[in-house]
Amino acid sequence: MDLSQLPDLRAGVELRNIADGAIVAGRVDTEGAILVRRGEEFFAVGAECTHYHGALAAGLAVGDTVRCPLHHACFDLRSGAALRAPALDPIACWRVERVGGKVFVRERKPEPKASGRPTGGAVPASVTIIGGGAAGLAAADRLRREGYPGGITMISADASPPYDRPNLSKDFLMGTAPAEWMPLRSADDYSARKIELLLNSRVRSLDLKQRNVQLESGRKVAFDALLLATGAEPVRLDIPTTGGARLLYLRSFADSQVIVAAAESAKRAVVLGASFIGLEVAASLRHRGIDVHVVGLEHTLFERVLGVKLGMLVREVHESHGVTFHLGTSIAKVDGGRVTLKDGSSIEADFVVVGVGVRPAIALAEQAGLAIDRGVRVNEYLETSATGIFAAGDIARWPDPHTGERIRVEHWVVAERQGQVAALNILGIRQVFDAVPFFWSQHYDMTINYVGHAESWDAIDIDGSLNSHDCAVTYRRDGRIMAVASISRDLQSLEAERDLEQTRVSS
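Not measured: the values here are computed from a predicted model. Counting restarts for each chain, with residues numbered from 1 along the sequence as it is written. Under the rules for a predicted model, residues below a pLDDT of 70 receive no local features and side-chain atom pairs below 80 are neither given nor counted, while totals for whole chains, interfaces and linings still include all residues. Side-chain measures were taken over the full set of non-hydrogen atoms in the model, leaving aside hydrogen atoms and water.

Pairing of aromatic side chains here covers Phe, Tyr and the six-membered ring of Trp, requires ring centres within 6.5 Å, and sorts the geometry by plane angle: under 30 degrees stacked, over 60 edge-to-face, intermediate tilted. Applying the stated criterion across every chain, the model contains ten aromatic pairs. Arranged with centres 5.4 Å apart and planes meeting at 80°, the rings of Trp398 and Phe433 form a pair that is edge-to-face. Taken as a pair, Trp398 in strand β31 (residues 396-400) and Phe433 in the loop between α8 (412-426) and β33 (438-443) lie far apart in primary sequence, 35 residues in all. Using a 1.4 Å probe on the protein chains alone, a residue whose accessible area is under 20% of its type maximum counts as buried, one over 50% counts as exposed, and one in between counts as partly exposed. A residue is classified by how much of its surface remains accessible, and Trp398, at 1% relative accessible area, is buried. Between the aromatic rings of Phe438 and Trp440, the centroid separation amounts to 6.3 Å while the plane-to-plane angle is 25°, which identifies the pairing as stacked. One exposure class covers both Phe438 and Trp440, and it is buried. Here the aromatic cluster, defined as three or more aromatic residues joined through ring pairs, consists of Phe276, Phe302, Phe439, Tyr450, Trp457 and Tyr475. We count a charge as sitting over a ring when the NZ of a lysine or the CZ of an arginine lies within 6 Å of the ring centre and within 35 degrees of the ring normal. In this arrangement the basic side chain of Arg236 is found over the ring face of Tyr249, its NZ or CZ atom lying 4.4 Å from the centre. Positioned over the ring face of Tyr381 is Arg430, at 3.8 Å from the centre of the ring. The helix and strand labels rest on DSSP assignments: H or I over at least four residues marks a helix, E over at least two residues marks a strand, and numbering proceeds from the N terminus.

The following block contains the structure:
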């Protein structure tokens, strides 16, 4: 958008032109900005989300916050602070003055500083984070933003610093996002913020009594508070391979780079697993011009997650882009470039990508004696059965106030938000984790946004047109809305999230 065509908010905006709750797009000098009205208060903040540059003018104002329409990041209208992931960095914020019948944007406010909120007890002298993914980085980031002065050590088995994991199956694999875009923070940022990042480091054991972590390298890392954010590991299948056959998995940045390298000289590929990740890989490989076959045990895509009709739409979209499906079967063996299926048919392929799901990496928590419940059991503050030990991300099973159930969710944004809340609770602030789960999945030019959590439902309502890729699909159980999936309805998705946040069910 040409900023010069937008109103300069310094020149003033007539009050009568700003409805309560409205978001007005404009500029402050040469910088994009939005003006938001909440009752008789007015706020001016930057126009773009700091995650993927979503236009906040198309977002939603909720209380003293504004939310991004792309991936539901949340910002404080009073300070510009990034309150909830996936955005970690603040947006610009200006002082607003009301004069007569107009409001004027004045000087820029300084970036938000540490909150200085009182804690509920002694602040730990050091914090150790096991895991270098979404939850781990978000926790370290929030600790420093809260002004935590103690030592922070992040232990990661990965070879790369924390990176944008959703992009591994999307733009990076597609070839439209360069490698330098992938790190979430620069190497200098960790040193500047005094976060010790230990890469290629695996934990051998965890001693809760002595409060230390034993690494395979022999080093011991002591801690006062600990966050377990070990994530999940790909399910690996025992598929017979001969003749130099290539079975590739996608979990890490290095995995994605291997698939990219294989794709550069390939003409045909098989994706085993019609999961969200599997189909995003299929879409990315098709973008590269590779002939793609998807093999899956299910007969209808995403029937248990999205329902029959939306699952059929996803299949139709992929077939319209040239993907061939082989459903109700799996791979029996791979011999060189020939993939033999269990139904007896065969497919020629230069490589196979396996994406049949993940398992939570809970072995360390089990060894340490923490309570396990198909994941690491945590309370509403994300604290485990051991005092001062927290868990977040793919491993955490928490009491969800919106469903009244204990749930475990493998979503990137959920992991980040849990890391942020765990950080606050490590500092003794005692904040309940009550965020509504959110994820998005990209299939060519169709993106599905999903808010809520519906492990089961007894009714599905479809508003709009599936065929036109303009719809909202509502999942209900006993008359209550459990989740909403939407396509091309970003604002409605934000409104659904807001409404679900008001729902509380006794567990």
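We treat two strands as partners when DSSP finds at least two bridges between them. With parallel pairing, the five strands of this open sheet are ordered in space as β13-β12-β11-β17-β30. Of all strands in the sheet, those with a lone pairing partner are β13 (195-198) and β30 (389-391), marking the two edges. Here the strands of the sheet are splayed against their neighbours by 15° on average, with no regard to which way each runs. Direction of pairing for strand β17 (residues 225-228) relative to β30: parallel, over a ladder of three bridges. Residue Leu226 lies in a different strand from β30, and its bridge partner there is Ile389. Contact definition: two residues touch when any of their heavy atoms are within 4.5 Å. To get an axis, fit a line to the C-alpha atoms, keeping to the stretch in contact for a helix; angles then go from 0 to 180 degrees between the N-to-C directions. Sitting on the sheet, helix α1 (residues 134-145) is in contact with β11 (126-130), β12 (151-155), β13 and β17, with an inclination near 170° to β12.

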